[in-house]
2 protein chains.
Amino acid sequence: MQDMTTEPTLKPGQLLARGVMRSLAAHGFACVEELVPASGLRVDVMALGKKGEIWIVECKSSRADFTSDGKWEGYLDWCDRFFWAVDSEFPTEILPEGHGLIVGDAYDAEILRMGPEAKLAPARRKVMVQKFATCAARRLQALRDPTGLLGS
Amino acid sequence: MQDMTTEPTLKPGQLLARGVMRSLAAHGFACVEELVPASGLRVDVMALGKKGEIWIVECKSSRADFTSDGKWEGYLDWCDRFFWAVDSEFPTEILPEGHGLIVGDAYDAEILRMGPEAKLAPARRKVMVQKFATCAARRLQALRDPTGLLGS
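Notes on the structure follow. (Residues numbered from 1 in each chain as written. Chains lettered and ligands numbered in written order. Predicted model: local features only at pLDDT ≥ 70, side-chain atom pairs only at ≥ 80, totals over all residues. Heavy atoms only, no water.)

### Points about the interface of chain B and chain A
Okay, step 1: Of the residues lining the interface, 39 residues belong to chain B; the matching set on chain A comes to 39 residues.
Okay, step 2: Roughly 3,100 Å² of surface becomes buried between chain B and chain A when both sides are summed, with 58% attributable to carbon and sulfur atoms.
Okay, step 3: Here chain B and chain A share four salt bridges between them.
Okay, step 4: Summed over the shared surface of chain B and chain A, the result is 10 residue pairs in polar contact (both at pLDDT 80 or more).
Okay, step 5: Mapped by element, the contributors of at least two residues to the side of chain B that touches chain A are α1 (12-26), β1 (30-35), α3 (122-144) and α4 (146-149) of chain B.
Okay, step 6: Element by element, the count of residues in the side of chain B that touches chain A is highest for α3(B), at 13 residues.
Okay, step 7: In terms of residue class, the side of chain B that touches chain A is made up of 17 nonpolar, 11 polar and 11 charged. (Contact = heavy atoms within 4.5 Å. Buried area = accessible area lost by both parts, 1.4 Å probe. Salt bridge = Lys/Arg side-chain N within 4 Å of Asp/Glu carboxyl O. Polar contact = N/O pair within 3.5 Å; in protein donor to acceptor, adjacent residues only side chain to side chain. Helix = DSSP H or I, 4+ residues; strand = E, 2+ residues; numbered from the N terminus. Nonpolar A, V, L, I, M, F, W, Y, C, P; charged D, E, K, R; others polar.)

And the structure:
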């Protein structure tokens, strides 16, 4: 089903992130886009599982989108599993080996390969869940009560 | 500033919750409305502080709204501090003593009395932050991508 209300404003990577989030939601994960785990880093999708497991998904809409990313290795320290998400046209052979792979589009996605697990230390997991919670709640409040943020 | 886009659909207690959330956001808290800490319980506002502290605020728009609530004592076990929130016309003398008090309206609110601290056990805090995170992210996704929840 086409969603004409939101598509024109989303870039290719964001459309792919949307499909990824639909799929991860169906797997029981809650997701937030463009979360900042540490200064200078911004992950495309952070997903939180029912047992507190944290996945990071980097969405690459094209070869250029991937080759211009010099920060992705910094994301590995902030999750239990790391995934690349690409569309079906993407040349997956250029992706670094040893991580998860998700293939999708704006509407859905499929996990083709699980990322290996590298469990976060409890203190860092606690920080990440707190960041996730705060980010999601602030954005939700901003959408539901936009006037409130301007002062009343 | 009047917010004509959302007000007509909100009930008195929800308008009060909106003012409470604006105020708590200004105090650095992230908030979620109508969170379910355990089966059969639904708190009006759950607020998460920067250090992971959890406050619950029950919003009472009238005497009848308060006297019909037989569940509030069950909320005490799920937060570090508990507050009543009422408007300036509310007969505060009917509220049980020993909890925090917030007075506000649809636009803002003020903490008149801090609730005493009864610190959550670490395991329960972890559960609550996880619930808060999941609830906020799912609602955010539902607002940003309503089509996604219907299937694509």
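### Section: α3(B)
Okay, step 1: With 23 residues, α3(B) ought to run about 33 Å at 1.5 Å a step, and its terminal C-alpha atoms sit 33 Å apart, in line with that.
Okay, step 2: What α3(B) keeps buried is the set R125(B), M128(B), V129(B), Q130(B), F132(B), A133(B), T134(B), C135(B), A136(B), A137(B), L140(B) and Q141(B). (Expected span 1.5 Å × (residues − 1). Buried < 20%, exposed > 50% of the residue type's maximum accessible area, 1.4 Å probe, protein only.)

### Some remarks on the relation of the copies chain B and chain A
Okay, step 1: Take chain B, turn it by 180°, move it 0.0 Å along the axis, and it overlays chain A with an RMSD of 0.0 Å. Those values place the two copies in the arrangement expected of a two-fold rotation axis. Every residue of chain B has its C-alpha some distance from the rotation axis, and the shortest such distance is that of A133(B), at 1.9 Å.
Okay, step 2: Both copies present the same face, since 100% of the interface residues in chain B are matched by interface residues at the equivalent positions in chain A. (Least-squares fit on C-alpha atoms with pLDDT ≥ 70 in both.)

### Description of the sheet that holds strand β5 (residues 100-104) of chain B
Okay, step 1: Read from one edge of the open sheet, six strands run β1-β2-β3-β4-β5-β6 (chain B), paired in mixed fashion. This sheet does not close on itself; its edge strands, each paired only once, are β1 and β6 (109-113) of chain B. Strand-to-strand twist in this sheet, taken as the mean axis angle between neighbours without regard to direction, amounts to 30°.
Okay, step 2: Two strands pair when backbone bridges link them, and strand β3 (residues 54-60) of chain B and strand β4 (residues 81-86) of chain B are joined in this way by six bridges, in the parallel orientation. Among the inter-strand pairings, E58(B) is bridged to a residue of β4(B), identified as W84(B).
Okay, step 3: Strand contacts of helix α3 (residues 122-144) of chain A: β1 and β2 (43-48) of chain B, with the helix running at about 75° to β1(B), the strand carrying the most contacts.
Okay, step 4: Contacting β1, β2, β3, β4, β5 and β6 of chain B, α1(B) runs over the sheet at an angle of about 145° to β3(B). (Pairing = 2+ DSSP bridges. Axes fitted to C-alpha atoms, helices over the stretch in contact; angles between N-to-C directions.)

These values are about where atoms sit, not about what they do.
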